[in-house]
Amino acid sequence: MPEVIAILDYGSQYTRLIARRVRELGVYAEILPPTAGPERLTGSPLKGVILSGGPASVYAEGAPTLKPEWLAQGVPVLGICYGLQLLAHSLGGKVVPGTSREYGLAEVTSRDGDPLLAGWAATEPVWMSHGDRVETLPAGFAAVATSDAGVVAAVAAPDRRIWGLQFHPEVTHTPAGTQLLKNFVFGICECKGDWDLGDYLDAMSREIREQVGDRPVISLVSGGVDSTVATALLLRALPADQIHALHIDSGLMRRSESRQVMDSLKALGLKHFHLVEAENEFLAALAGKSDPEAKRHAIGDTFIEVQAREVERLGLPSDSFLCQGTLYTDLIESGHGEHGTSASIKTHHNVGTAQIVALREAGRVVEPNKGIFKDEVRELGRKLGLAPDLVDRHPFPGPGLGIRVLGEVTREKLEILRHVDEVFVEELRKRDLYHATWQAFAVLPDARSVGVMGDFRTYEHVVALRAVQSVDGMTADCYAFPWEHLFAISRRITNEVRGVNRVVYDVSSKPPSTIEWE
Ligand code: XMP
């Protein structure tokens, strides 16, 4: 088992970033809700605890607290922002509302000699984002850094092995922040830094074997990267005879996508692949619907119905397991039973269906990606032998082409869009532009335009191309194509795709637009 740093999540938007930074240092970090105790950790031995920031004030009613078990572990503890205030408050110090609320950039002056601040210049820029501040320190604590506004910025109680920061070392606005995390993880917690995804793979394989034993597992393969990697990991952990992959072809997928996923999993030894052709059902559910939300619901509900029915139909024993590709971030964002402290909560289909919730409660859901982030999933996929082309694919929305054919969805429109999408992506790969963009796709607006072909007038579809650059999809910029590429791609589309006589390029950014059109 890898050495682990526990991160208690008090609801800061940066909690995940702390985990990322620690993992980038080669140390396994696990995020837990503050209501959990050390027994919830999957990694061991515990080498240190980090208390994240959070929106609450320590004096607010119901403000999250710190379980004393964490301090009783005898490992070093680092409180960040709310984490610091909570430590100060619960150990006998005093926290007060800030008078000049310290948000944003600040200068911090530090004292020499504390191991947390080793390697720091006398003054460093840092990122603050909390209204409260520590006014009186608990006994045994010393202020080791102060901000230009006179606020205690870093505290240390080396005898009790507790440190605290009022600012955020994990964000890029604190340029020397990584040095502090390094100091904590290596200098203070004495971690070895030898964790990598190979360890995760071994630990997860063991966990799956223990959880599942020799019972069958139904793996829900959506066609996306996450569930494909999850299934590949199952294949590493269990005999192929135990694994039944279930894939629903909604008719809203890209061309050859279902086949590609099936072929690559078969190449890894998958024996039982159940392909459900459900195009008619999805199209029937979409018929007559043109409102984007109504379409999304129709698609989501049909997935749930078909999935439940087909799982039944497989006729496997009632104590079978269900496997899905849920990521760490999906679980956190859905506030799934644990991180209820997060301010923004978004429900993902796969985390919350009634079937999954019931199975999860019975301990019969297997989620091999539940401890890792998206880019780690991709790396794991490569390690497991999946083709790089498959693993590195752009994100694709759950409702698929159903929300890229604008207005009512028909088989004919889907065919046109699939063809355009295929040409577009093929050209991007050929021109080495696929990875210059974060996401690129075609949209079929519900519009026709007049054109001319030979001596004839045409009246056909307009297609829009969209290519964006983004870090996480929350904001995005239009990708600035060199014109010659765009012209050539447009020419190829109008030459090859029947029913299309005009191509436009979407130059909007997000906000105010979104990445998808619906
Ligand atoms: P928007 O359109 O909101 O998209 O700017 C941001 C990112 O999320 C993807 N997206 C979805 N992904 N289910 C998904 O799994 C959905 O319903 C969904 N809607 C949008 C979108 O492709 C982009 O990457």
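Procedures and definitions
Residues numbered from 1 in each chain as written. Predicted model: local features only at pLDDT ≥ 70, side-chain atom pairs only at ≥ 80, totals over all residues. Heavy atoms only, no water. Buried < 20%, exposed > 50% of the residue type's maximum accessible area, 1.4 Å probe, protein only. Helix = DSSP H or I, 4+ residues; strand = E, 2+ residues; numbered from the N terminus. Arc of directions from axis to C-beta. Contact = heavy atoms within 4.5 Å. Pairing = 2+ DSSP bridges. Axes fitted to C-alpha atoms, helices over the stretch in contact; angles between N-to-C directions. Salt bridge = Lys/Arg side-chain N within 4 Å of Asp/Glu carboxyl O. Domains from an automatic or database assignment. Buried area = accessible area lost by both parts, 1.4 Å probe. Left-handed = near helix turned anticlockwise from the far one by under 90°. Nonpolar A, V, L, I, M, F, W, Y, C, P; charged D, E, K, R; others polar. Patch = residues over 30% accessible without salt bridge, like charges linked within 9 Å, V, L, I, M, F, W, Y side chains within 5 Å. Areas by Shrake-Rupley, 256 points an atom, 1.4 Å probe, with all protein chains shown as cover. Lys, Arg positive; Asp, Glu negative; His and termini not counted. Charge placed at Lys NZ, Arg CZ, Asp CG, Glu CD. Near = heavy atom within 4 Å. Polar contact = N/O pair within 3.5 Å; in protein donor to acceptor, adjacent residues only side chain to side chain.

A. Broad picture of helix α7 (residues 257–267). Of the positions making up α7, those classed as buried are Glu 257, Ser 258, Val 261, Met 262, Ser 264 and Leu 265. Looking straight down α7, one finds its buried side chains confined to an arc of 170°; they lie on one side. Where the residues of α7 are buried, they touch α6 (225–237), β11 (243–249), β12 (272–277) and α14 (388–391).

B. A look at the sheet that holds strand β14 (residues 365–366). Judged by pairing direction, the sheet is parallel, and its 5 strands sit side by side in the order β12-β11-β10-β13-β14 without closing on themselves. Edge positions in the open sheet fall to β12 and β14, since each of these has one partner strand only. Against the sheet, α6 contacts β10 (217–220), β11, β13 (321–323) and β14, and its axis sits at roughly 155° relative to β10.

C. Molecular detail of the pattern of salt bridges. Taken as a whole and assessed by the stated rule, the structure comprises 31 salt bridges. Residue Glu 367 pairs with Arg 360 through a salt bridge whose shortest N-O separation is 2.8 Å. Classification of Arg 360 by relative accessible area gives buried; the value is 17%. Within the structure, one salt-bridge network assembled from shared partners comprises Glu 426, Glu 427, Lys 430, Arg 431, Arg 492 and Glu 496.

D. Local environment of the domain arrangement of the protein chain. Assigned domains of the protein chain: these are domain 1 (4–188), domain 2 (201–391) and domain 3 (404–505). Using C-alpha coordinates to define each centre, domain 2 is positioned 29 Å away from domain 3. Contacts between domain 2 and domain 3 engage 16 residues on the former and 14 residues on the latter. For the pair domain 2 and domain 3, the two sides together bury roughly 1200 Å², of which 42% comes from carbon and sulfur.

E. A look at the packing of helix α15 (residues 411–430) against helix α16 (residues 483–496). One way to put it is that α15 packs onto α16 with a least axis distance of 10 Å and a crossing angle of 145°. As for the relative orientation of α15 and α16, their crossing is right-handed in sense. Contacts from His 419, Val 420, Val 423, Phe 424, Glu 426 and Glu 427 of α15 reach α16 at Ile 489, Arg 492, Ile 493 and Glu 496. Along the lines of polarity and charge, the residues of the contact of α15 with α16 split into 5 nonpolar, 1 polar and 4 charged.

F. Up close: helix α3 (residues 82–90). Buried residues dominate α3, accounting for 7 of its 9 residues. Taken residue by residue, α3 has Tyr 82, Gly 83, Leu 84, Gln 85, Leu 86, Leu 87 and Ala 88 as its buried positions.

G. Representation of a negative patch on the surface within the structure. Taken together, Asp 194, Asp 196, Asp 202 and Glu 379 make up a surface patch of like negative charges. Within the secondary structure, Asp 202 is located in helix α5 (residues 197–212). Judged by relative accessible area, Asp 202 falls into the partly exposed class, the value being 44%.

H. How the structure looks around the site of the ligand. Taken together, Arg 296, Pro 395, Pro 397, Gly 398, Pro 399, Trp 438, Gln 439, Gly 473, Lys 510, Thr 514, Ile 515 and Glu 516 make up the full set of residues near the ligand. Note that an oxygen atom of the ligand is positioned 3.2 Å from one of the backbone N or O atoms of Gly 398. Contacts to the ligand include Ile 515, whose backbone N or O atom sits 2.7 Å from an oxygen atom. Considering the ligand on its own, with 490 Å² of exposed area, one finds that the protein chains cover 67% of that surface. Classifying every residue of the shell around the ligand by side-chain character gives 5 nonpolar, 4 polar and 3 charged.

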